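Here's the letter readout for the chains.
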Amino acid sequence: MPRPIKPFSAREKHLISQTLLERFGHAVPLQPVDAELQLNLLKEEFALCPSIMWKENGANFIVFKTGDELFRCLFYYNEAMLFGTGKDEYDNLGDCVVTLLQVHADQEEQSRKIRNALNSIDFSKANDGEEYHGPLIV
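Remember, it's a predicted structure, so these values are computed and weren't measured experimentally.

1. A short note on the side chain of Gln-107
Working step 1: Mapped onto the elements of the fold, Gln-107 is located in helix 2 (residues 93-119).
Working step 2: In terms of polar contacts, Gln-107 uses its side chain to reach the side chain of Ser-111, at 2.9 Å.
Working step 3: Not counting chain neighbours up to four residues away, the residues in contact with Gln-107 comprise Phe-75, Tyr-77 and Phe-83.

What follows is the structure, given as structure tokens:
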């Protein structure tokens, strides 16, 4: 059985809070949670990992502490829309949180561009101006 992972220190929590304050312009409440993660893909054992979660702009963010100075992270909108950073693990909490926030900002910008593109399409002219009556069902 793996040894227990130490909880987030006051310094680590402060670093996360300060980074979120700089990113969002206001204090963001942090929620401590525990998560079971498979730390080694070659072993079928799970470890209880202290984690910090917060919600902002319709997204849920989570940073997992997977060891001494080791972190994983992700954000999600719902079960079907889960996003990582492309890096499995970080050895620097600041890099982990900043990268997570940057990936979120990039995803938000991409979604905004798609919404704007869809809103600019004039669907009334999609069929050369003729009305669409659908298929005839007999």
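There is more to say after this.
2. Notes on the packing of aromatic side chains
Working step 1: Taken as a whole and assessed by the stated rule, the structure comprises 6 aromatic pairs.
Working step 2: A centroid spacing of 6.1 Å and a plane angle of 35 degrees characterise the contact between Phe-8 and Phe-71, whose relative ring orientation is tilted. Here the residue Phe-8 occupies a position in the segment before helix 1 (10-24), and Phe-71 occupies one in strand 4 (residues 70-78), the gap between them amounting to 63 residues. The same class applies to Phe-8 as to Phe-71, namely buried.
Working step 3: Look at Phe-75 and Phe-83: their rings are 4.9 Å apart centre to centre, the planes differ by 15 degrees, and that puts the pair in the stacked class.
Working step 4: Aromatic ring contacts, followed pair by pair, group Trp-54, Phe-61, Phe-75, Tyr-77 and Phe-83 into a single cluster.

Calculation criteria
Each chain has its residues counted from 1, following the order in which its sequence is written. Where totals are concerned, whole chains, interfaces and linings use all residues; where local detail is concerned, this predicted model gives features only for residues with pLDDT of at least 70, and gives and counts side-chain atom pairs only at 80 or more. The side-chain numbers reported here are obtained from all heavy atoms of the structure, hydrogens and water having been left aside. Helix and strand assignments follow DSSP, with helices taken as H or I runs no shorter than four residues and strands as E runs no shorter than two, numbered in order from the N terminus. In protein, a polar contact requires one atom able to donate a hydrogen and another able to accept it; more generally it is a pair of N or O atoms within 3.5 Å, and residues adjacent in sequence count only if both atoms are side-chain atoms. Residue contacts are defined here by distance: any two heavy atoms, one from each residue, within 4.5 Å place the two residues in contact. Only rings of Phe, Tyr and Trp enter the pairing, Trp through its six-membered ring, and a pair is recorded when the two centres are within 6.5 Å. The plane angle decides the type: under 30 degrees is stacked, over 60 is edge-to-face, the rest tilted. Only protein chains enter the calculation, and the probe is 1.4 Å; a residue is then buried if its accessible area is under 20% of its type maximum, exposed if over 50%, and partly exposed in between.

Worth remembering: the numbers are spatial, not functional.
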